[in-house]
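Reading the structure
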Amino acid sequence: MAINEQQIKDDLYEAVNADWVKQAKIPADKPATGGFVELEDGVEKHLMADLDAFVTGKDEDKRSQTSQFSEMLKLYQLAGDFKRRDQEGTTPAKEGLKRIQNLQSYQDYQANWYDTILRGESSPADFDIDADMKHATTYALFASAPSLILPDKTYYAKDNQQGPALLKIWQQMVKKLLVEFGFAEDEAKTTVEQAVQFDALLVPHVKSAEESADYRKLYNPQTMDEFAGHTKQLDLAAIVKELIGTTPDKIIVTEPAYFTALDSILTDHFALFKSWLLTRRVVADAHYLSESLRQLSGTYGRAVSGRKEAVNQHKFAYYLTGSMFSQVLGTYYGQRYFGPAAKQDVIKMVHRMVGVYEKRLQNNDWLSAATRQQAIKKLDNLGVQVGYPDKIPAIFDQLRVDPSQTLLANLNALSVTFSKDQFSRYGKPVDRMRWEMSAATVNAYYAPFKNIIVFPAAILQAPFYSLQQKSSENYGGIGAVIAHEISHAFDNNGSLFDEHGNLHNWWTKEDKEHFHKLAQKMIDEFNGLQFAGQPVNGKLTVSENIADGGGLSCALSAAKQEDDVDLRAFFINWGRIWRMKATEQYKKLLLSIDVHAPNKLRANVQAQNQDDFYTTFNVHEGDGMYLAPDKRVNIW
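Residues numbered from 1 in each chain as written. Predicted model: local features only at pLDDT ≥ 70, side-chain atom pairs only at ≥ 80, totals over all residues. Heavy atoms only, no water.

A few words now on the overall build of the chain. Looking only at helices and strands, the chain has 27 helices and 11 strands in total. Here the chain has a C-alpha radius of gyration of 25 Å; the compact-globule value for 636 residues is 26 Å, and the two agree. Here the C-alpha coordinates of the chain stretch approximately 70 × 60 × 45 Å along the principal axes. When burial is assessed residue by residue, the chain has 57% of its 636 residues classed as buried. Taking the contacts inside the chain whose residues are at least 6 apart along the sequence as the reference set, 75% of them involve residues at least 24 apart. A total of about 26,900 Å² of accessible surface is found on the chain, and carbon and sulfur atoms cover 49% of it. The positive charge centre, built from 71 side chains, and the negative charge centre, built from 82, are 2 Å apart in the chain. (Helix = DSSP H or I, 4+ residues; strand = E, 2+ residues; numbered from the N terminus. Rg over C-alpha atoms; globule rule 2.2 N^0.38 Å. Buried < 20%, exposed > 50% of the residue type's maximum accessible area, 1.4 Å probe, protein only. Contact = heavy atoms within 4.5 Å. Areas by Shrake-Rupley, 256 points an atom, 1.4 Å probe, with all protein chains shown as cover. Lys, Arg positive; Asp, Glu negative; His and termini not counted. Charge placed at Lys NZ, Arg CZ, Asp CG, Glu CD.)

Structure (structure tokens):
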């Protein structure tokens with residue numbers, strides 16, 4: 001359908017997407033649909049059909065003839081055997097719950113703590129291994145706070161009307177689950193109430209999504225003595241040594257306020273803590289048991305997102321398999337549906353965008369020569385991952401699935417294998433180019449600790465990218481996404497890290513101050529904009545907004561260098577890739593926790609910041625998309 005030029009002048013996003021929005025239907029098992037979700041649906045359709053064909057022997061593609069693929073198919077079949085799971089009922093989870101029920105003290109918990117962490121169960125301290133933020137070539141140990149019941153700390157605020165309603169839904173769901181697991185009604189009620197009381201003890205001391213979005217405040221190294229001194233109730237030094245096999249020189253604490261309060265949270269609250277463990281274990285395990293328990297355990301999650309129903313059994317098996325064998329399934333997808341030719345073409349496009357960015361930096365009029373040189377150095381050292389890995393990580397050779405065991409038992413065993421591999425990396429050299437995201441994922445990212453950008457095969461499709469599209473459409477799609485990820489190296493968080501991924505100030509004082517002023521303009525531009533009846537949080541979304549702005553601007557420069565440049569097609573495809581139709585609950589959830597601005601605002605506001613948008617569509621004062629020149633924000 002033709003797009004009305006006047007409509008573009010008033011609202012780019014609506015002009016491009018209004019007809020689609022009217023017709024689009026949100027799948028009952030999803031909270032939204034749109035450009036990204038439609039691609040996910042396509043990937044899902046291909047891979048589910050392929051897995052079914054392999055299971056039945058109808059497809060004998062040589063890529064499937066590996067031990068890794070064989071183990072993956074075993075899990076896929078086991079996950080989809082709901083008849084067996086209905087027969088097993090709650091039995092597979094009884095032993096794990098009994099271990100928690102038998103706990104009488106923190107000392108008892110300490111004796112089981114190591115095993116529970118390896119199985120991925122809830123813990124009063126979450127541990128992780130990642131590149132040391134100041135010594136990025138070596139893996140370090142990180143410690144953080146556990147998650148809350150509600151999606152974010154802000155949901156507990158007195159003026160948040162969603163919080164109490166969601167907490168009530170969670171309580172009702174968990175009480176029903178406990179009864180299904182054999183708890184008496186009164187016992188179930190008390191357990192849920194105590195779990196909520198323990199959750200309330202955590203709330204004042206954990207970070208909100210906005211606070212967590214500030215990377216500068218994530219690096220709080222502590223000595224082992226300092227870290228162990230946070231509580232007398234548990235032996236933190238002992239669990240750390242069990243996990244990594246040694247006493248580390250430091251632990252990087254991401255939420256110091258939480259650990260400072262840990263002793264007061266735990267002291268005299270063992271009964272509450274035990275109930276918290278029980279409820280979280282029941283909710284997690286129920287997902288992998290009978291169909292009725294799977295449906296019940298998703299009640300709260302569906303309420304949070306606005307999804308009408310759970311994914312069907314077929315999709316459940318697919319998603320679970322893809323999560324555990326991510327690189328195996330992703331690499332298969334990349335090789336079969338993307339291929340080496342497209343991979344090389346996109347790699348060339350990435351390097352072309354890097355070149356555009358480098359030219360931008362060279363011609364920058366507000367950076368000093370010293371800072372500009374360091375920025376270019378960082379760009380020259382940028383790692384690039386496109387499509388799918390050349391080699392699947394060795395950990396996937398260790399995964400084993402035993403069909404004679406229950407699904408839950410197998411998942412616990414797989415989690416232990418992954419956890420042991422993760423903690424074994426402590427103190428070892430960082431594998432900078434190790435693939436973390438599946439190639440079957442419709443997404444892309446920049447990793448500041450490693451200074452790499454990643455573009456999985458699944459996102460490299462129309463409308464983002466296609467050889468059948470105009471070059472300007474591709475630049476308005478994947479070109480802007482590529483430049484967006486490059487821009488993350490120079491946003492308010494990425495700019496804190498050097499070319500190796502070290503947390504290191506490479507800016508002059510004057511340049512940093514100027515950058516902060518520009519970043520504040522971006523915060524102010526988005527802060528308070530209304531969406532879904534709520535204001536956008538400019539601080540929460542500033543990193544992504546800076547990256548969007550830099551990405552669109554640099555992609556625009558690249559498009560203009562092509563002989564067949566068509567800026568109308570460029571901006572229209574930019575508006576198209578952000579199309580989205582979501583439930584009201586999901587919109588409000590994203591406003592609270594998502595570091596990205598709402599899709600409509602990403603499309604419109606960044607277009608308003610580009611002078612070429614005004615000349616392309618003859619936009620003038622009085623038009624809805626008009627923004628005065630002094631209000632337009634351009635950083636990169």
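That covers the picture; the talk isn't over yet.
Taken together, four strands build an open sheet; the order of strands is 2-3-5-4 and the sheet is mixed. This sheet does not close on itself; its edge strands, each paired only once, are strand 2 (126–132) and strand 4 (221–222). Running over the sheet, helix 20 (residues 407–424) touches strand 2 and strand 3 (135–144) and is turned about 45 degrees from strand 2. (Pairing = 2+ DSSP bridges. Axes fitted to C-alpha atoms, helices over the stretch in contact; angles between N-to-C directions.)

If you look at the biggest cluster of nonpolar residues, it comprises 118 residues, and the most contacted ones within it are Phe613 and Trp636. Counting residues per element, this core draws most heavily on helix 18 (residues 326–362), which supplies 14 residues. Listed in part, the 82 residues of the second largest apolar core include Leu148, Val192, Leu289 and Tyr426. (Core = buried A, V, L, I, M, F, W, Y, C linked by side-chain atoms within 4.5 Å.)

The three strands lie next to each other as 6-8-7, forming an open sheet whose pairing is mixed. Because the sheet does not close on itself, it has two edges, and the strands there are strand 6 (383–387) and strand 7 (445–447). On average, each strand axis in the sheet is inclined to that of its neighbour by 15 degrees, with strand direction left out of account. Where strand 6 lies against strand 8 (residues 452–456), five bridges are found, and the strand directions are parallel. Looking at strand 8, one finds that Gly387 is bridged to Pro456. Sitting on the sheet, helix 18 is in contact with strand 6 and strand 8, with an inclination near 145 degrees to strand 6. Here helix 21 (residues 471–487) sits on the sheet in contact with strand 7 and strand 8, set at roughly 150 degrees to strand 8.

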